[in-house]
Amino acid sequence: MLWSDPAATFGSPVRTCEVPNSTYSARSNWITHMSSTSPLRVAVTGAAGQIGYSLLFRIASGAMFGPTQPVILHLIEIPDEKALRALQGVCMELEDCAFPLLKGTVATSDLNAGFQGVNWALLVGAVPRKAGMERKDLLGINGKIFTSQGQAIAQHAASDVRTLVVGNPCNTNALIALSNAPGVPRDQFFAMTMLDENRAKTQLAKKASTDVTGVTNLAVWGNHSTTMFPDFFNAKINGRPVPDIIGHREWLEKDFLTTVQKRGAAIIEARGLSSAASAANAVVDTVRKLTTPTPTGDWFSVAVCSDGSYGIEKGLMFSYPVRSDGRKWEIVQDLPVNPFSQAKIAATEAELKEEKALVAELLPR
Ligand code: NAX
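Keep in mind the model is a prediction, meaning the values are calculated, not measured.

Draft legend 1. Highlighting the overall build of the protein chain. Of the regular secondary structure elements, the protein chain holds 12 helices and 14 strands. Carbon together with sulfur atoms contributes 53% to the accessible area of the protein chain, which is approximately 15900 Å² in total.

Draft legend 2. Quick look at the site of the ligand. Near the ligand there are 23 residues, and of these Gln50, Ile51, Glu77, Val166 and Asn168 occur at the shortest range. A distance of 3.3 Å separates a nitrogen atom of the ligand from a polar backbone atom of valine 166. Side-chain polar atom of asparagine 168 to an oxygen atom of the ligand: 2.8 Å apart, as the coordinates give it. For the ligand, the accessible surface in isolation is 880 Å², of which the surrounding protein chains cover 82%. Residue assignment for the shell around the ligand shows that the elements contributing at least two residues are helix H2 (50-61) and helix H5 (135-156). Across the shell around the ligand, the residue classes tally to 12 nonpolar, 10 polar and one charged.

Draft legend 3. Layout of unusual backbone geometry. The omega torsion across asparagine 168 and proline 169 is -5°, close enough to zero to call that bond cis. Summarising the element assignment, proline 169 is placed in the loop between strand S5 (162-165) and helix H6 (170-179). Phi at serine 209 is positive, roughly 50°, even though this residue is not glycine. One can find serine 209 in the loop between helix H7 (194-207) and strand S7 (215-216). Exposure remark for serine 209: the relative accessible area of 69% places this residue in the exposed category. With a phi close to 65°, aspartate 334 is a non-glycine residue in the positive phi region. Here aspartate 334 is to be found in the loop between strand S14 (329-331) and helix H12 (339-358). What makes aspartate 334 exposed here is its relative accessible area of 71%.

Draft legend 4. View of helix H3 (residues 81-97). An ideal rise of 1.5 Å per residue puts 24 Å on 17 residues; H3 measures up with 25 Å between its terminal C-alpha atoms. Within the sequence span of H3, burial applies to Ala83, Leu84, Leu87, Val90, Cys91, Leu94 and Glu95. Burial along H3 is one-sided: seen end-on, the buried residues are contained in an arc of 145°. Summarising the geometry of H3, the exposed residues directed more than 90 degrees from the buried face are Glu81, Lys82, Arg85 and Asp96. A distance of 3.1 Å separates the backbone nitrogen of lysine 82 from a side-chain oxygen at the start of H3, and that oxygen is part of aspartate 80. Downstream of H3 by one or two residues, alanine 98 has phi in the positive range, about 50°.

Draft legend 5. Structural context of the side chain of glutamate 351. Along the chain, the position of glutamate 351 falls in helix H12. Setting aside its immediate chain neighbours within four residues, glutamate 351 contacts Arg135, Asn223, Ser225 and Thr227.

Draft legend 6. Structural detail: the packing of aromatic side chains. Evaluated as defined, the whole model comprises 15 aromatic pairs. Where phenylalanine 57 meets phenylalanine 99, the ring centres are 6.5 Å apart and the plane angle is 55°; that geometry is what we call tilted. You can see phenylalanine 57 sitting in helix H2 and its partner phenylalanine 99 sitting in the loop between H3 and strand S3 (102-108), a full 42 residues away along the chain. Taking the relative accessible area as the measure of exposure, phenylalanine 57 reaches 15% and is therefore buried. Accessibility expressed as a relative area gives 18% for phenylalanine 99, which makes it buried. Pairing tryptophan 221 with tyrosine 320 gives two aromatic rings, centres 6.1 Å apart and planes at 70°, and the pair type is edge-to-face.

Draft legend 7. Just the nonpolar core, in detail. Counting residues in each nonpolar core, the largest one holds 76 residues, and the members touching the most others are Leu55, Ile59, Leu94, Leu122 and Leu204. Element by element, the count of residues in this core is highest for helix H11 (residues 277-291), at seven residues. Beyond its immediate chain neighbours, meaning those up to four positions away, isoleucine 59 contacts Val42, Val44, Met64, Phe65, Val71, Leu73 and Leu122. Counting 29 residues, the second largest nonpolar core, distinct from the first, contains Ala121, Ile153, Leu175 and Leu363.

Draft legend 8. Representation of the environment of valine 44 in the model. Here valine 44 is to be found in strand S1 (residues 40-45). With 33 residues separating them along the chain, valine 44 and glutamate 77 place their C-alpha atoms 8.7 Å apart. Beyond its immediate chain neighbours, meaning those up to four positions away, valine 44 contacts Leu55, Leu56, Ile59, His74, Leu75, Ile76, Leu122 and Val124.

Draft legend 9. Examining the pairing of S3 more closely. With seven of its seven residues buried, S3 lies for the most part within the structure. Across six bridges, the pairing between strand S2 (residues 71-76) and S3 is parallel. Of the residues in S3, the one forming a bridge with leucine 75 is alanine 107.

The rules behind each value
Residues numbered from 1 in each chain as written. Predicted model: local features only at pLDDT ≥ 70, side-chain atom pairs only at ≥ 80, totals over all residues. Heavy atoms only, no water. Helix = DSSP H or I, 4+ residues; strand = E, 2+ residues; numbered from the N terminus. Areas by Shrake-Rupley, 256 points an atom, 1.4 Å probe, with all protein chains shown as cover. Near = heavy atom within 4 Å. Polar contact = N/O pair within 3.5 Å; in protein donor to acceptor, adjacent residues only side chain to side chain. Nonpolar A, V, L, I, M, F, W, Y, C, P; charged D, E, K, R; others polar. Buried < 20%, exposed > 50% of the residue type's maximum accessible area, 1.4 Å probe, protein only. Expected span 1.5 Å × (residues − 1). Arc of directions from axis to C-beta. Contact = heavy atoms within 4.5 Å. Phe/Tyr/Trp six-rings, centres within 6.5 Å; stacked < 30°, edge-to-face > 60°. Core = buried A, V, L, I, M, F, W, Y, C linked by side-chain atoms within 4.5 Å. Pairing = 2+ DSSP bridges.

Below you can see the structure in the form of structure tokens.
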């Protein structure tokens, strides 16, 4: 592959990912094209999967880190012939886009090579829940994946590495990764609830017959599961509280919540496959919102390691209203929480506590 990283590997033993008859040294080729800004290294696990297929091209196009930031993609898959063959095809398509910002790829099933020097680790790959599988079984299988990924991130990633977990159950998988990554600060781990926020914003905009850009201050609290609480009380439409604009309280408390909570299942029913492009878009949004200043007075949703804010058990990966200055993030404090919201937040917290108990033996720190 003309501009692949020389460290590119497929499976083990290490194989370089090269196009026959290439006469260029891969590294010198990207140095030729390197701009004055050093490339960011971005790892994506599950790179040959559905979300990966949308996400990689958005990152390489500049949608995630802006139009002047070069990137090197580290594409990580399982050591399975079919998955690695598919990954090779994805690499070929990335080449065929001739993205000006893409300065190299590392395609591998080796976690050490995959996370070597990365600034961002987007953990998308996970084993899906199959018929008859209990939540405990899923947590156990995926727990092992996130244990070894956390360890590899701690050992090989750049010191500023930030990790966003997408693979489900993402909050608890992120907790496992964080707990197995000694030396990596907790505030550099996240789990994704942005898809839920985006879904909620669109439902509110449609109901109020307004543009989605008018919906702000939408926090999703808790777990990325059907217990999540998209907080319509504190959300605004064109600067005014949602309940003032949408007076239909029963719709807000029932239909709206259910639609957002069960949207993933509705997509599967309609498409025959789970959400992929919208999930990839939410990954882009999450990273962008963490790395650019949040508009004054607004906030966004991402699961972070709880510091006890709003009475949530410390150490749970809990989705909060968060804002960023482009470098550091903080949980927005002192939002009003009425008894209805409190009950919803308590239910989603209880679910996360249960999940944590189920994986207790995978949480060394
Ligand atoms: P796919 O099944 O299409 O792809 C998953 C890919 O991950 C496969 O290619 C598989 O080989 C790979 N993989 C599995 N274990 C791996 C490992 N240990 N290391 C590296 N790669 C591994 O699933 P896709 O639709 O892409 O979804 C990926 C994950 O995102 C699933 O767990 C899914 O439940 C989760 N989602 C999370 C969302 C969120 O909002 N947090 C929304 C969308 C999505 O449902």
